[in-house]
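Per-entry structural report
Each chain, letter by letter, is given below.
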Amino acid sequence: MFLVRRVICGIIALVLAVSGAMMTNAASQLWQVTGFCLIIGGITLAYIAVRQHLPTYSFWITLIALGLAYSLYATHSAPVSEEQRQAISSRLDKELEKSKEALNADAPKVEKRKKISKRERKPAGFNLAAYPKISGSAQVIDAHIFYISGRYVRLYGVDAPDTDQICSNATGSSYNCGEEAASWVRNWIDQNPIDCYILKVEPNGQDLATCIWGEYDIGAALVSAGWGVANTRETAIYQPYEAKAQSDSAGLWQGSFYAPEDWRDIKRRRNDFTIKKKVQPKSDGFFSFGSLF
């Protein structure tokens with residue numbers, strides 16, 4: 001009789017796990033979460049059938065970590081429909097056209113300010129071709145960090161939210177602005193080859209670069225769309241784009257958000273603690289499953 005009950009539990013566990021795996025491939029996040037819960041239920045039931053007691057905390061932590069990893073993978077690999085691709089392309093063309101107009105309008109002011117301030121003078125004829133270049137299809141890690149030709153590249157003069165950053169939209173609802181920003185860049189360049197000119201190599205081995213797609217500066221487009229901000233500690237050339245995005249309430253500026261640098265600092269301080277595992281003695285009380293098997 002014990003064996004029959006274990007077999008029945010195993011079959012139910014398999015059905016739950018398979019159903020959950022199928023639902024995680026759905027386009028809706030609600031169905032993906034439901035599928036993940038079914039998978040956890042199936043695995044838990046199988047564990048109970050074999051071990052005859054509830055799983056430990058480490059078991060739950062492992063399952064949740066695997067589920068989150070799969071969710072991130074599914075989100076990054078989700079296909080973009082043709083309608084979405086056309087909408088993104090149309091919106092990008094408008095934003096880039098606004099960026100060009102803003103840059104042309106602000107160019108005389110920048111030149112005048114440079115003539116007045118000796119401290120801000122830089123060598124004339126700044127030429128990207130004078131710097132080492134790497135080319136190829138880029139994997140978007142964060143909106144401002146790419147993996148290209150075996151190297152990690154961060155956009156010069158630009159900062160953007162990490163993929164786990166949460167912001168508030170115009171109605172005050174929270175959303176994953178970091179992933180939204182990364183998706184904007186990912187859907188734009190869409191595996192097209194880009195050119196990155198290495199301006200500096202940082203101590204962590206990351207390349208600091210200006211990246212170009214065709215005739216477009218990717219950093220300028222990112223800030224102009226509102227999914228990045230100007231990193232004025234490196235350069236002020238992207239400030240006009242940031243001001244335009246803020247006035248248009250584009251991207252991050254549709255609601256409220258922490259500066260990406262502040263968000264990372266909050267994460268570091270929040271994670272600065274030690275978790276101590278508490279070992280609890282086994283009990284044969286209410287959570288005993290011996291009678292079921």
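Up top is the structure.
Each chain has its residues counted from 1, following the order in which its sequence is written. Residues qualify for local features only when their pLDDT is at least 70, as the model is predicted, and side-chain atom pairs are given and counted only at 80 or more; totals for whole chains, interfaces and linings, by contrast, use all residues. To obtain the side-chain values, all non-hydrogen atoms of the structure were used and water was disregarded.

1. Some remarks on helix α7 (residues 239-247)
- Tyr-241, Glu-242 and Ala-245 are the residues of α7 that are buried. Each buried residue of α7 lies within a common arc of 100° when the element is viewed along its axis, so the set occupies one face.
- Secondary structure is summarised from DSSP: a helix means a run of H or I of at least four residues, a strand means a run of E of at least two, and numbering begins at the N terminus for each. Ser-249, located one to two residues past α7, shows a positive phi value of around 55°. When accessible area is computed with a 1.4 Å probe and restricted to protein chains, residues below 20% of their type maximum are described as buried, those above 50% as exposed, and intermediate ones as partly exposed. Our arc is simply the arc of the directions from the helix axis toward the C-beta atoms.

2. What about unusual backbone geometry?
- The backbone of Ser-149 sits at a positive phi, close to 55°, despite the residue not being glycine.
- Here Ser-149 shows up in the loop between β3 (145-148) and β4 (151-155).
- When its relative accessible area of 48% is taken as the criterion, Ser-149 is described as partly exposed.

3. Focus on the nonpolar core
- Grouped together as the largest cluster of nonpolar side chains are 35 residues, with contacts concentrated most on Phe-146, Ile-194, Cys-211 and Leu-222.
- Those elements that place two or more of their residues in this core are β3, β4, α5 (177-189), β8 (193-201), β9 (207-213) and α6 (218-224).
- Considering each element in turn, this core owes the most residues, seven residues, to α5.
- When residues no more than four places from it in sequence are discounted, the contact partners of Phe-146 are Ala-138, Gln-139, Val-140, Ile-141, Arg-151, Tyr-152, Val-153, Leu-155, Val-185, Ile-194, Cys-211 and Ile-218. By convention a nonpolar core is built from buried Ala, Val, Leu, Ile, Met, Phe, Trp, Tyr and Cys residues, the set being connected through side-chain atoms within 4.5 Å. What makes two residues a contact is simply this: any of their non-hydrogen atoms within 4.5 Å.

4. A short note on the packing of aromatic side chains
- Only rings of Phe, Tyr and Trp enter the pairing, Trp through its six-membered ring, and a pair is recorded when the two centres are within 6.5 Å. The plane angle decides the type: under 30 degrees is stacked, over 60 is edge-to-face, the rest tilted. Throughout the structure, instances matching the rule amount to six aromatic pairs.
- Measuring from centroid to centroid gives 5.0 Å for Trp-253 and Phe-257, while their planes differ by 80°, and the two rings are edge-to-face.
- By relative accessible area, Trp-253 is classed as buried at 19%.
- Ring geometry for Tyr-258 and Trp-263: centres 6.4 Å apart, planes at 50°, overall tilted.
- Grouped by ring-pair contacts, the aromatic residues Trp-184, Trp-188 and Trp-213 constitute a single cluster.

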